[in-house]
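Coordinates in review
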Amino acid sequence: MTKEQQRIAIARACGWTHIVKENEEWAGRKPGTLATPYLPDYIHDLNACHEMEKVIPKEIFSRYMSLLTGIVSRDRMTERDHFANRSTATAAQRCEAFLKTLNIYK
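Residues numbered from 1 in each chain as written. Predicted model: local features only at pLDDT ≥ 70, side-chain atom pairs only at ≥ 80, totals over all residues. Heavy atoms only, no water.

1. Looking at the overall build of the chain
Scanning the chain from N- to C-terminus turns up four helices and two strands. Sequence-ordered secondary structure for the chain, helices as α and strands as β, is α-β-β-α-α-α. Dimensions along the principal axes, computed over C-alpha positions, put the chain at roughly 45 × 30 × 25 Å. Looking at the chain as a whole, 32% of its 106 residues are labelled buried. Within the chain, residue pairs in contact and separated by at least 24 positions form 50% of the contacts whose partners lie at least 6 positions apart. Here the chain has roughly 6,700 Å² of accessible surface; of this, 53% comes from carbon and sulfur atoms. Between the mean site of the 16 positive side-chain charges and the mean site of the 13 negative ones, the chain shows a separation of 5 Å. (Helix = DSSP H or I, 4+ residues; strand = E, 2+ residues; numbered from the N terminus. Buried < 20%, exposed > 50% of the residue type's maximum accessible area, 1.4 Å probe, protein only. Contact = heavy atoms within 4.5 Å. Areas by Shrake-Rupley, 256 points an atom, 1.4 Å probe, with all protein chains shown as cover. Lys, Arg positive; Asp, Glu negative; His and termini not counted. Charge placed at Lys NZ, Arg CZ, Asp CG, Glu CD.)

Printed below as a string of structure tokens:
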């Protein structure tokens, strides 16, 4: 999936609707409001990822954590990063794990 596709898929999973491209940027209806701000930049923004993580059902949150751990380990191949763990996960890594947890990642 492209970063743009990931961003839209995550927004939909988080309840955003009416997603459209507006002035070269993606906007949509934020859950619970009629406002149509730009979509959060989940791929680069850890704060947006923390909001995203809140929608993961608690029954599958352990799957998310397991996937995130695997993704961080896969991406940290240097000796210096040998002890890296999921607390060091980037926003992009969290997005990948989120989408895989919800079986949306292509």
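Still to come is the rest of the account.
2. Here's the deal with the side chain of Glu96
Here Glu96 shows up in helix H4 (residues 91-101). At 2.9 Å, the side chain of Glu96 and the side chain of Arg74 are in polar contact. With sequence-adjacent residues up to four places away left out, Glu96 is seen in contact with Ile71, Arg74 and Tyr105. (Polar contact = N/O pair within 3.5 Å; in protein donor to acceptor, adjacent residues only side chain to side chain.)

3. Things to note about the nonpolar core
By size, the foremost hydrophobic cluster in this structure holds 25 residues, and its most contacted members are Ile10, Tyr42, Met52 and Phe98. Per-element accounting of this core gives the leading share, five residues, to H4. In this structure, Tyr42 is in contact with Arg7, Ile10, Ala11, Cys14, Trp16, Ala48, Cys49, Met52, Ala91 and Cys95, ignoring residues within four places of it in sequence. (Core = buried A, V, L, I, M, F, W, Y, C linked by side-chain atoms within 4.5 Å.)

4. What about the environment of Asn23?
Looking at where Asn23 falls in the secondary structure, it is placed in the loop between strand E1 (17-22) and strand E2 (25-29). The exposure class assigned to Asn23 is exposed, which follows from its relative accessible area of 65%. Sequence separation between Asn23 and Glu4 is 19 residues; the distance between their C-alpha atoms is 15 Å.

5. Considering the packing of aromatic side chains
Here the structure, examined in full by the defined rule, presents one aromatic pair. Each ring, one from Phe61 and one from Tyr64, has its centre 5.5 Å from the other, and the planes form 45 degrees; the classification is tilted. Of this pair, Phe61 and Tyr64 both sit in helix H3 (residues 61-75), three residues apart, which is roughly one turn of the helix. In this structure Tyr64 comes out as buried when scored by relative accessible area, which is 0%. Here the basic side chain of Lys100 rests over the ring of Tyr105, its NZ or CZ set 5.0 Å away from the ring centre. (Phe/Tyr/Trp six-rings, centres within 6.5 Å; stacked < 30°, edge-to-face > 60°. Lys NZ or Arg CZ within 6 Å of the ring centre and 35° of its normal.)

6. Observations concerning unusual backbone geometry
At His18, a position not held by glycine, the phi torsion is positive, near 50 degrees. If you trace the backbone, His18 turns up in strand E1. Unusually for a residue other than glycine, Glu24 sits at a positive phi of about 65 degrees. With respect to the helices and strands, the residue Glu24 is situated in the loop between E1 and E2.

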